[in-house]
Amino acid sequence: LHSTYVRKMRYLNELKEDDSLCRQAQTSGTFYLFHNLSPFLQKVGKKYLVPQLSAAEMKRILEKFRETEQWIEKSVLIGCSDKHVPHFALDLGALEKSVIESELKGLFTDLRKALFIVDEKDSPLLASAQSLLRWHDSHQYCSKTGQPTQKNVAGSKRVCHASGITYYPQMSPVVITLVSDGSRCLLARQPSFPQGMYTALSGFCDVGENVEEAVRREVAEEVGLEVESLWYSASQHWPFPSSCLMIACHTLVRAQQAEISVNSLELEEARWFGLEEIVEGLKRKPRSSKQDDGSFLPWFPPKQAVAHQLICEWVKQQTSQPA
């Protein structure tokens, strides 16, 4: 009587809680491969695909390295299909990368690049898989006793048997906000950004802050403006610099108090953009932004990033306003 979604979520929960059931699922599931946190991709024509390897294919690959099936125990559960085929992620960073790439006819690709060249449905899966693999790699020891922690089969937790402490993967909340004065929106860039790229303001929430307080503080700190009102737009998991929950908002400041004071410790530049410039920037791709004199025209994050959604929402709001 339950919906497909409910059955799927309950099955995933069973796999997380029941080690023997999850171990059995590893023999019929599919595997996404990583090498030192870089996902494995295959190029077919002009498209980049994220292959799912069967348990049998995984066994064949590992046998080439004369490795035992204990490698499969290092995998982490990242989801399942509507037909209850479980999906796992496995990092083979200790094995020779070129041999795997040659065997499977593909390349391990840096996640920052991979997220923007694979199909939109695959991007969130790669991001969450890498975040979980990274968490396990950095939580192999108990912070209280210094003793090794043990992961459960699904990888949904780690336990220190010496202290009895159970550790669960966590995300850091980050606010990202598009500031507007009513007719313009404010975008900024950091020195580490690709040349010409501007995006919305963002920053980690401090301990004890709610979202509204974090947004107001970040806008004040980074560009010296005081938020008059704000409203929520959406949220997105983002794996950089580690597992983050991006909480996206729009904020409004008074047009009479819209003089920017950039915090040079945080930003390289911040400025106001008018509607026409934003519309042109959304059409522009990174490679097409370079001009003959070596300077770069502004361009904005791609559609997989929640910042892109904020900018598009602002454009829609501006163009739907009565003249």
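Notes on the structure in this doc start here.

The rules behind these values
Residues numbered from 1 in each chain as written. Predicted model: local features only at pLDDT ≥ 70, side-chain atom pairs only at ≥ 80, totals over all residues. Heavy atoms only, no water. Axes fitted to C-alpha atoms, helices over the stretch in contact; angles between N-to-C directions. Helix = DSSP H or I, 4+ residues; strand = E, 2+ residues; numbered from the N terminus. Parallel < 35°, antiparallel > 145°, perpendicular 65-115°, else oblique. Left-handed = near helix turned anticlockwise from the far one by under 90°. Contact = heavy atoms within 4.5 Å. Nonpolar A, V, L, I, M, F, W, Y, C, P; charged D, E, K, R; others polar. Core = buried A, V, L, I, M, F, W, Y, C linked by side-chain atoms within 4.5 Å. Buried < 20%, exposed > 50% of the residue type's maximum accessible area, 1.4 Å probe, protein only. Pairing = 2+ DSSP bridges.

Describing two packed helices takes the angle between their axes plus the distance from one axis to the other. At a minimum axis separation of 11 Å, helix 8 (residues 275-283) and helix 9 (residues 306-320) run at an interaxial angle of 135°. By the angle between their directions, the pair helix 8 and helix 9 is classed as oblique. Crossing of helix 8 over helix 9 shows left-handed handedness. Where helix 8 approaches helix 9, its residues Leu 275, Ile 278, Val 279 and Leu 282 are matched on the opposing element by His 308, Ile 311, Cys 312, Trp 314, Val 315, Gln 318 and Thr 319. Of the residues belonging to the contact of helix 8 with helix 9, the class tally is eight nonpolar, three polar and no charged.

The subject of this paragraph is the nonpolar core. Counting residues in each nonpolar core, the largest one holds 41 residues, and the members touching the most others are Leu 126, Ile 176, Leu 178, Leu 187 and Ile 278. Sequence-distant contacts of Ile 278, defined by excluding residues within four places in its chain, comprise Cys 185, Leu 187, Phe 273, Phe 300, Ile 311, Trp 314 and Val 315. In terms of nonpolar packing, the next biggest core, distinct from the first, is built from 27 residues, Cys 22, Phe 40, Trp 71 and Ala 154 among them.

Further remarks concern the pairing of strand 13 (residues 201-204). Residues Leu 201 and Gly 203 of strand 13 are buried on one face, while the alternating residues Ser 202 and Phe 204, pointing to the opposite face, are not. Sheet topology note: the strand 11 (residues 172-180)/strand 13 ladder contains four bridges and is antiparallel. Residue pairing for strand 13: Ile 176 is matched across the bridge by Ser 202.

Moving on to the sheet that holds strand 9 (residues 158-160). What the three strands build is an open sheet, ordered 8-9-10; its pairing is antiparallel. Because the sheet does not close on itself, it has two edges, and the strands there are strand 8 (150-151) and strand 10 (165-167). The pairing of strand 8 with strand 9 spans two bridges and is antiparallel. Paired with Gln 150 across the two strands is Val 159, which belongs to strand 9.

At the junction of Phe 240 and Pro 241, the peptide bond is cis and its omega measures out at -5° in the coordinates. By secondary structure assignment, the location of Pro 241 is in the loop between strand 14 (229-238) and strand 15 (244-252). Non-glycine residue Asn 36 carries a positive phi angle of around 50°. With respect to the helices and strands, Asn 36 occurs in the loop between strand 1 (30-35) and strand 2 (38-44). Backbone geometry places His 84, a non-glycine residue, at a positive phi of 65°. One can find His 84 in the loop between strand 5 (76-80) and strand 6 (86-91).

Geometric values such as these leave the question of function open.
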